[in-house]
Amino acid sequence: MISVKEAKNIILKATQNFGVEEIPFLKSVGRILNEDILADRDFPPFNRVSMDGIAIDFEEFSSRLRSNRQLNFKIEGIQGAGSEQITLKNSENCIEVMTGAVLPKNANTVIRYEDLEIENGFAKIIPEGICDAQNVHPKGKDGKVGDLLIKQNTKIAAAEIGVLATVGKSKVKVAKQPKILIISTGDELVGVDEIPLEHQIRRSNVFTLVSLLERLHIPSEAAHITDDKPILKQKIATYLQEYDVLLFSGAVSKGKFDFLPQVFDKLGVEKLFHKIAQRPGKPFFYGKTDKCNVFGFPGNPISTFVNCLAYFYPWYYKSVGVEVEEETAILAEDFAFKPNLTYFLQVKLSYKFGHLVATPITGNGSGDLASLVNADAFIQLPNDKNEFKSGEVFPIIRYR
Ligand SMILES: Nc1nc2c(c(=O)[nH]1)N[C@H]1C(S)=C(S)[C@@H](COP(=O)(O)OP(=O)(O)OC[C@H]3O[C@@H](n4cnc5c(N)ncnc54)[C@H](O)[C@@H]3O)O[C@H]1N2
Ligand code: MOO
Ligand SMILES: [Mg+2]
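Cut-offs used in this document
- Residue indices begin from 1 for each chain and proceed along its sequence in written order.
- Each chain gets a letter, beginning with A, and each ligand a number, beginning with 1, in the order they are written.
- Only residues with pLDDT of 70 or above have their local features reported here, since the model is predicted, and side-chain atom pairs are shown and tallied only from 80 upward, although totals for entire chains, interfaces and linings are computed over all residues.
- As a convention, hydrogens and water are excluded, and side-chain values are obtained from all of the structure's heavy atoms.
- Only nitrogen, oxygen and sulfur atoms within 2.8 Å of the metal, or 3.2 Å for Na, K and Ca, are treated as donors, and water is left out, so sites may look incomplete.
- By definition, any uninterrupted DSSP run of H or I lasting at least four residues is a helix, any uninterrupted run of E lasting at least two residues is a strand, and each is numbered from the N terminus.
- Throughout this document, a residue counts as near a molecule or strand when at least one of its heavy atoms sits within 4 Å of that molecule or strand.
- N or O atoms within 3.5 Å of each other form a polar contact, as long as, within protein, one can give a hydrogen and the other can take it, and as long as residues adjacent in sequence are counted only when both atoms are side-chain atoms.
- Among buried residues, those of type Ala, Val, Leu, Ile, Met, Phe, Trp, Tyr and Cys that are joined through side-chain atoms within 4.5 Å constitute a nonpolar core.
- For the exposure calls, accessible area comes from a 1.4 Å probe over protein chains only, and a residue counts as buried if that area is under 20% of its type's maximum, exposed if over 50%, partly exposed in between.
- Note that domain bounds follow an automatic or database assignment of domains.
- We call two residues contacting when some pair of their heavy atoms lies within 4.5 Å.
- As a per-residue measure, pLDDT reflects the predictor's confidence and takes values from 0 up to 100.
- Being paired, for any two strands, means DSSP has found at least two bridges between them.
- Comment: axis = line fitted to C-alpha atoms, over the contacting stretch for helices; angle = value between 0 and 180 degrees taken between N-to-C directions.

Topic: the coordination of the magnesium ion (ligand 3)
The magnesium ion (ligand 3) binds to the protein through Asp-258 (OD) and Asp-258 (OD); the donor distances cover 2.3 to 2.5 Å. By the element assignment, Asp-258 lies in the loop between strand S17 (245-249) and helix H6 (260-266).

Below you can see the structure in the form of structure tokens.
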């Protein structure tokens, strides 16, 4: 049996690049960018008027102010957003300008309508607090053409979509997603729409796995195989050829019908480990062939759930080039756990005085899938201690 740390190292060494694809930018939310996004022009691309009002030559305004002359400026024209730049022909005049317009040539300062009185084609400036170059957002102030706006390997979200649109990237290169099949095993499992007999239960792990993959924007397919060795062998042989990743739930422990480890062995899946010193999720199997990565999650629902988060997620993120920072939280209550195993304890997260705090949620072991609903995360308690004190800080894995 290996430690959680060793298991994670093995998994992170076995990551795989699935290549790159180009997709419409609006379909890219949640995907991992596979190119740098550069500014295709200056930001803003022209001296942008940032208030509705008039544009003037500040020099003219301040010389009139100094010599106590009237501050009436004849309106020469109008410059709206989206029209070509016009020119202030006479510096004694002004041009009406709208937010988003190009600042007219020969003008350098914008006075808001609120600071004007307009009458008979003249704008009279109320002189309080007017400064040179005010209300102009200068060309290139936010970024220059060629500047790096979004780094490769960024996870695309709404903020990135706006930038992609602005620079005209209607198609964007992203890391290709692995092709994944989720397989449940077990004679006791029936479909969601079926009424289980006394000795049966409905399949649930496949659907939690589908949803955990959806969080990563990975589409997946699902299959079910009964505890029948020849059928398992025949079907898995095909799946190993067709998919990049197989996520199994169940049939990896010590039971008479836990056939998967033997079947994997027969089919040439190289075992990288089987069993981790942790609870829940101890009998986890991980192996691979040249083409396919095989995650054999233990069947108890919380075991499948936590192992997907603790091992498949980091494997995926590393495979597509994303660095994920470890998150920690403060344990809110004393907690004791005797076995010499890393314990993934379910916790409810909250903030206390600005610090993230984790309150233990006690369920009834790894079969108690309903208890997942009452928690937000797992806190990872190390195996080198039995007593964990309120106020101590440990890594967490969130699922909300
Ligand atoms: N003698 C031992 N028995 C067990 C050990 C052990 O070390 N020695 N380990 C226990 C631990 S820990 C776990 S976890 C389970 C793992 O079992 P398997 O991976 O072999 O899974 P199954 O036997 O197929 O099922 C276990 C449990 O989970 C339910 N299950 C399975 N698949 C689904 C699904 N898709 N949806 C909902 N529920 C599912 C299944 O009905 C069983 O109740 O083994 C312990 N035993
Ligand atoms: O690892 Mo098992 O998940 O403790 O029930
Ligand atoms: Mg079993």
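Details of the site of ligand 1
As a structural note, the neighbourhood of ligand 1 is formed by 19 residues, with Glu-188, Ser-204, Ser-253, Asp-258 and Gly-299 the closest of them. For ligand 1, a nitrogen atom lies 3.5 Å from a polar atom in the side chain of Ser-249. Contact between ligand 1 and Ser-253: an oxygen atom at 3.0 Å from a main-chain N or O atom of the residue.

Notes on the nonpolar core
Counting 44 residues, the largest nonpolar core has Leu-247, Phe-284, Phe-295, Phe-312, Trp-315, Tyr-316 and Phe-378 as the members making the most contacts within it. Every element with two or more residues in this core is listed here: helix H1 (4-13), strand S13 (180-185), helix H4 (205-214), S17, strand S21 (293-297) and helix H7 (301-319). Here the element with the most residues in this core is H7; it accounts for twelve residues. When residues are assigned to domains, this core turns out to be shared by domain 1 (4-18 + 177-319) and domain 4 (327-398), each giving three or more. Contacts of Phe-312, omitting those with residues within four sequence positions, involve Ile-180, Leu-213, Leu-216, Ile-218, Val-245, Leu-247, Phe-295, Phe-297 and Asn-307. With 21 residues, the next largest nonpolar core counts Ile-225, Tyr-239, Leu-240 and Val-294 among its residues.

Details of the side chain of Ser-319
Among the structural elements, Ser-319 can be located in helix H7. Once residues lying within four places of it in the same chain are set aside, the contact partners of Ser-319 are Thr-15, Gln-16, Asn-17 and Phe-18.

Regarding the confidence of the model for the protein chain
Per-residue confidence for the protein chain gives a mean pLDDT of 97, with 100% of residues at or over 70. In the model output, the complex is listed with pTM 0.92 alongside ipTM 0.96.

Points about the domain arrangement of the protein chain
Its domain assignment divides the protein chain into domain 1 (4-18 + 177-319), domain 2 (20-43 + 141-175), domain 3 (48-137) and domain 4 (327-398). One C-alpha centre belongs to domain 1, the other to domain 3; they are set 69 Å apart.

Some remarks on the sheet that holds strand S18 (residues 270-274)
The strand order across the open sheet formed by six strands is S16-S13-S17-S21-S20-S18, and the pairing between neighbours is mixed. Edge positions in the sheet fall to strand S16 (220-225) and S18, since each of these pairs with one other strand and no more. Each strand of the sheet is rotated relative to its neighbour by a mean of 20 degrees, with strand direction disregarded. For strand S20 (residues 285-288) and S21, the ladder comprises four bridges, and the chain directions are antiparallel. Within the sheet, the bridge partner assigned to Phe-285 lies in S21 and is Gly-296. The strands touched by H1 are S18, S20 and S21; relative to S18, the strand with the most contacts, the crossing angle is about 155 degrees. The strands touched by H4 are S13, S16, S17 and S21; relative to S13, the strand with the most contacts, the crossing angle is about 160 degrees.

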